[in-house]
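So you can see what is in the structure, the chains are spelled out below.
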Amino acid sequence: MSNFKDSPNFEVHNDYYTPKYAWEWINHLIPENKIIWESCMLNSLKSKSPQYLTELGHNVIYDTSIDMLLNTPDNYDMIITNPPFETDLKKKILKRLVELDKPFILVLNACNMFTKYIREIFGDKLQYLQVINPSKKIQYDKYENHEFIKTKNCSFYSVFLCYKLDLSPEKLWLD
């Protein structure tokens, strides 16, 4: 077993992006003919998630100047996004999502599912949450020194947290 004392050089790097294959894994679970808002795009000029989701056949809207904590687009059916890793900001985003009460799919570190704040934020709406479990780790694309680097050793497992999608249990475990 190890702990952070064993890793004195640990630092959070926020420029990790969801690779296309992660969206491909769940593409069959995304409802068709829905307007998807990729909501965590504020100042995110490097994210290719809207492009990837569009390439997979979805109608995606996004705006790199909109703070989803303050504004929403006029017309959208659901949210698909990978929120920032930083916990305080992620909590604010989760609270905002509960407020908006629209179906969503989020890419999250699996450890989030065991936090007290998930239970507190969703409260009586926990009944609408489902977790899609990939069969392997997502290896995020890291942006560093003006280029994307494919990672190979992500230190955590990710899941897709869904809200109000009512997926059948057999669809919650990806091959």
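Structure shown above.
In this report, the structure presented in the accompanying data block is examined. Because the structure is predicted, anything quoted here is derived from the model rather than measured.

What about the sheet that holds strand β9 (residues 158-163)?
Pairing between sheet strands relies on hydrogen bonds along the backbone, with the strands arranged either parallel or antiparallel. Across the sheet, six strands lie side by side as β3-β2-β4-β5-β9-β6; this open sheet has mixed pairing. Here the strands that pair on one side only, and so sit at the sheet edges, are β3 (59-61) and β6 (129-132). Geometrically, the sheet is characterised by an average inter-axis angle of 30° between neighbouring strands, direction not taken into account. The sheet contact formed by strand β4 (residues 78-81) and strand β5 (residues 104-109) spans three bridges and is parallel.

Let's talk about the sheet that holds strand β8 (residues 147-150)
Ordered in space as β1-β7-β8, the three strands form an open sheet in which the pairing is antiparallel. Among the strands making up the open sheet, the edge pair consists of β1 (16-17) and β8. Pairing geometry for β1 and strand β7 (residues 141-144), over two bridges, is antiparallel. Bridging across to β7, Tyr17 finds its partner in Asp141.

Side note on the pattern of salt bridges
Scanning the model with the defined rule gives six salt bridges in all. A salt bridge links Lys20 to Glu55; the shortest N-O distance between them is 2.7 Å. In this pair, Lys20 sits in helix α1 (residues 20-26) while Glu55 sits in helix α2 (residues 49-55), placing the two residues 35 residues apart along the sequence. Classification of Lys20 by relative accessible area gives partly exposed; the value is 25%. Residue Glu99 pairs with Arg96 through a salt bridge whose shortest N-O separation is 2.7 Å. Here Glu99 and its partner Arg96 are both found in helix α3 (residues 87-100), three residues apart, which amounts to about one turn of the helix. A single network of salt bridges, built from pairs that share partners, joins Asp101, Lys125 and Lys164.

Brief notes about α3
Helix length check: α3 (14 residues) gives 20 Å between terminal C-alpha atoms against 20 Å at 1.5 Å per residue, within 8%. Of the positions making up α3, those classed as buried are Lys90, Ile93, Leu94, Arg96, Leu97, Val98 and Leu100. Taken together, the buried residues of α3 touch β2 (35-37), β4, β5 and α4 (116-122). Taking the backbone nitrogen of Asp88 as reference, a side-chain oxygen 3.0 Å away marks Glu86 as the first, capping residue of α3.

What counts, and at which threshold
Residues numbered from 1 in each chain as written. Predicted model: local features only at pLDDT ≥ 70, side-chain atom pairs only at ≥ 80, totals over all residues. Heavy atoms only, no water. Pairing = 2+ DSSP bridges. Helix = DSSP H or I, 4+ residues; strand = E, 2+ residues; numbered from the N terminus. Axes fitted to C-alpha atoms, helices over the stretch in contact; angles between N-to-C directions. Salt bridge = Lys/Arg side-chain N within 4 Å of Asp/Glu carboxyl O. Buried < 20%, exposed > 50% of the residue type's maximum accessible area, 1.4 Å probe, protein only. Expected span 1.5 Å × (residues − 1). Contact = heavy atoms within 4.5 Å. Polar contact = N/O pair within 3.5 Å; in protein donor to acceptor, adjacent residues only side chain to side chain.

Nothing here speaks to function; it is geometry throughout.
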